[in-house]
Amino acid sequence: MAGPHSEFIPPARPIIGEAEIEAAVRVLRSGRVVQGPEVAAFEEEFSELVNGRHCVAVNSGTSALQLTLMALGFGPGDEVIVPSFSFAASANAVRLVGAEPVFVDIEPGSFCVDPEAVAAAVTPRTVAIMPVHLYGHPAAMDRIMAIAEQHNLAVVEDAAQAHGATLHGAPVGAFGTAGCFSFYPTKNMHALEGGMVTTADAELARTLRLLRNQGMEQRYANEIVGANMRMTDVAAAIGRVQLRQLPEWTEQRRANAKFLDSNITGMVVPPVADAAKHVYHQYTVRVRGDRDAAQARLTELGIGNAVYYPTPIHRLKPYLTEDGKPGPWELPETERAAAEVISLPVHPSLSQADLERIAEGANLAGGAR
Ligand SMILES: *Cc1c(COP(=O)(O)O)cnc(C)c1O
């Protein structure tokens, strides 16, 4: 039982080790610091994670999503189907290109978009589906791709939380028209900040390369209007170090989750869909009782915890209608998840003693009133 001397277990712990520091210093000393050889090497190495798809590195996961929607030519008048139960970046990317997010509900088990809700949300204005592999669980890509093919829609996977997750053995980021990853410090691997777009379409990859760099392939031979969303070589060098660690960290996350699955009885542990490999960016339980009381109890026990996401995107201010009300969305599973979930620590830095304290604490907190 956690006593007053037990240390606080953080909900996440970004890793910046000696290897990352050495890689950063090596790049700084080299003088080639932006979109140079480290970025090229990172793109090539990351490609192995997504069945050899083209990889285009950018400065954040949000940029990856935004640039992909730009490259596909989407904008005002277009609708993109997204889950409301996600980080705001998913819908923000849609709005940033001037298109409209159409919010759909989730499956209660995986917390990812419900394919039936996706199919029901298609209109003549729909141009794309943006499934989010939330918490590291792959969305039902087999069914989502079938819907996309039937209606001739693009699929932009938000894989920001799911590096290495698979469905039927195929990796996320290798299903859709494009996959978008984030390398923010708390993700399963990081590059301080950074993002990657993955695609099988060479033409799309070229457009993305132009768009991230002012529309240039050759310097001052601008072909189109572009942005500056370049990745630095410092970021890429750190990302390369982290990528080499990813398989080991992923197995550690999965082993941690397995321990919590079999030792937590006081809360509802996260189910995993058939044929899915979950990479546990978050270990997210549902609390049946009073969630505020459960969170307070966990914190008292020194167990880091957080709610991702307490407010579904459709209830955030920028997505309310002009009179300040949520739009016409009916998202009961989204509302229920937002009210019930708590994420517990699952990161690879946890010790066996930490895991035991987390399970014990969750069982105590699950009954808190
Ligand atoms: C982190 C995250 C993003 C954005 O990535 P950044 O690198 O922070 O811009 C997008 N979508 C989801 C689901 C995320 O968790």
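Basis of the calculations
- Residues numbered from 1 in each chain as written.
- Predicted model: local features only at pLDDT ≥ 70, side-chain atom pairs only at ≥ 80, totals over all residues.
- Heavy atoms only, no water.
- UniProt positions renumbered as here; feature names shortened; annotations may be inferred.
- Helix = DSSP H or I, 4+ residues; strand = E, 2+ residues; numbered from the N terminus.
- Rg over C-alpha atoms; globule rule 2.2 N^0.38 Å.
- Buried < 20%, exposed > 50% of the residue type's maximum accessible area, 1.4 Å probe, protein only.
- Contact = heavy atoms within 4.5 Å.
- Areas by Shrake-Rupley, 256 points an atom, 1.4 Å probe, with all protein chains shown as cover.
- Lys, Arg positive; Asp, Glu negative; His and termini not counted.
- Charge placed at Lys NZ, Arg CZ, Asp CG, Glu CD.
- Domains from an automatic or database assignment.
- Buried area = accessible area lost by both parts, 1.4 Å probe.
- Salt bridge = Lys/Arg side-chain N within 4 Å of Asp/Glu carboxyl O.
- Polar contact = N/O pair within 3.5 Å; in protein donor to acceptor, adjacent residues only side chain to side chain.
- Nonpolar A, V, L, I, M, F, W, Y, C, P; charged D, E, K, R; others polar.
- Phe/Tyr/Trp six-rings, centres within 6.5 Å; stacked < 30°, edge-to-face > 60°.
- Near = heavy atom within 4 Å.

By the naming in an unreviewed UniProt entry, the chain goes by dTDP-4-amino-4,6-dideoxygalactose transaminase and is assigned to Micromonospora rhizosphaerae. In UniProt, the chain has this text filed under Cofactor (unreviewed entry): "pyridoxal 5'-phosphate". Per its UniProt entry, the chain bears the Sequence similarities (unreviewed entry) comment "Belongs to the DegT/DnrJ/EryC1 family."

Colleague: Describe the overall build of the chain, with residues and values.
Modeller: When helices and strands are tallied, the chain shows 11 helices and 12 strands. Here the chain has a C-alpha radius of gyration of 21 Å; the compact-globule value for 369 residues is 21 Å, and the two agree. Taking the principal axes of its C-alpha atoms as reference, the chain extends roughly 65 × 55 × 40 Å. In the chain, which comprises 369 residues, the share counted as buried stands at 56%. Sequence-distant contacts, at least 24 apart, represent 71% of the contacts inside the chain between residues at least 6 apart. Carbon and sulfur atoms provide 51% of the accessible area of the chain, an area that totals close to 15600 Å². In the chain, 30 side chains carry a positive charge and 42 a negative one; their mean positions are 4 Å apart.

Colleague: Give a description of helix H2 (residues 37–46) that names residues and reports values.
Modeller: All of the buried residues along H2 are Glu38, Val39, Ala41, Phe42, Glu43 and Phe46. Here the buried face of H2 lies against helix H1 (18–30), strand S1 (54–58), strand S8 (178–182), strand S9 (195–199), helix H7 (202–211) and helix H8 (233–263).

Colleague: Go over the UniProt feature "active site" (unreviewed entry) in the chain with me, naming the residues and quoting the values.
Modeller: With numbering aligned to this structure, UniProt lists the feature "active site" (unreviewed entry) at Lys187. Looking at the secondary structure, you find Lys187 in the loop between S8 and S9. Note on Lys187: relative accessible area 14%, which makes it buried. Each residue touching Lys187, except ones within four places of it in the same chain, is listed here: Ala160, Gln161, His163, Ser182, Arg253 and His281.

Colleague: Which residues make up the domain arrangement of the chain, and what values do they have?
Modeller: What the domain assignment reports for the chain is domain 1 (18–241) and domain 2 (245–365). Put simply, the middle of domain 1 and the middle of domain 2, counted by C-alpha atoms, are 24 Å apart. Domain 1 puts 39 residues into the contact, and the matching count from domain 2 is 37 residues. When domain 1 packs against domain 2, the two sides together hide about 3200 Å² of surface, and 62% of this comes from carbon and sulfur. Looking at the side of domain 1 facing domain 2, the largest losses of area belong to Phe103, Tyr135 and Asn188, adding up to 23% of the total buried there. The interface formed by domain 1 and domain 2 includes zero salt bridges. Counting across the domain 1 and domain 2 interface gives 20 residue pairs in polar contact (both at pLDDT 80 or more). If you list the elements that add at least two residues to the side of domain 1 that touches domain 2, you get helix H4 (89–96), strand S3 (100–104) and strand S6 (166–167). Broken down by element, the side of domain 1 that touches domain 2 gets its largest block of residues, four residues, from S3. Grouping the constituent residues of the side of domain 1 that touches domain 2 by class yields 21 nonpolar, 14 polar and four charged.

Colleague: Hey, could you go over the packing of aromatic side chains for me, with residue numbers and the actual values?
Modeller: Within this structure, the stated rule accounts for 13 aromatic pairs. For the ring pair Phe85 and Tyr309, a centre distance of 6.4 Å and an interplane angle of 80° mean the geometry is edge-to-face. Taken together, the positions of Phe85 in the loop between strand S2 (79–83) and H4 and Tyr309 in the loop between helix H9 (291–300) and helix H10 (332–340) put the pair 224 residues apart, joining distant regions of the chain. In terms of burial, Phe85 and Tyr309 fall into one category: buried.

Colleague: Requested: an account of the site of the ligand, with residues and values cited.
Modeller: The ligand sits among 14 residues. The nearest are Gly61, Thr62, Asp158, Ser182 and Lys187. The contact in question runs from a nitrogen atom of the ligand to an N or O atom on the side chain of Asp158, over 2.7 Å. Here Gln161 contributes a side-chain N or O atom positioned 2.8 Å from an oxygen atom of the ligand. For the shell around the ligand, the secondary-structure elements that each account for two or more residues are helix H3 (61–71) and H4. For the shell around the ligand, a count of residues per class yields four nonpolar, eight polar and two charged.

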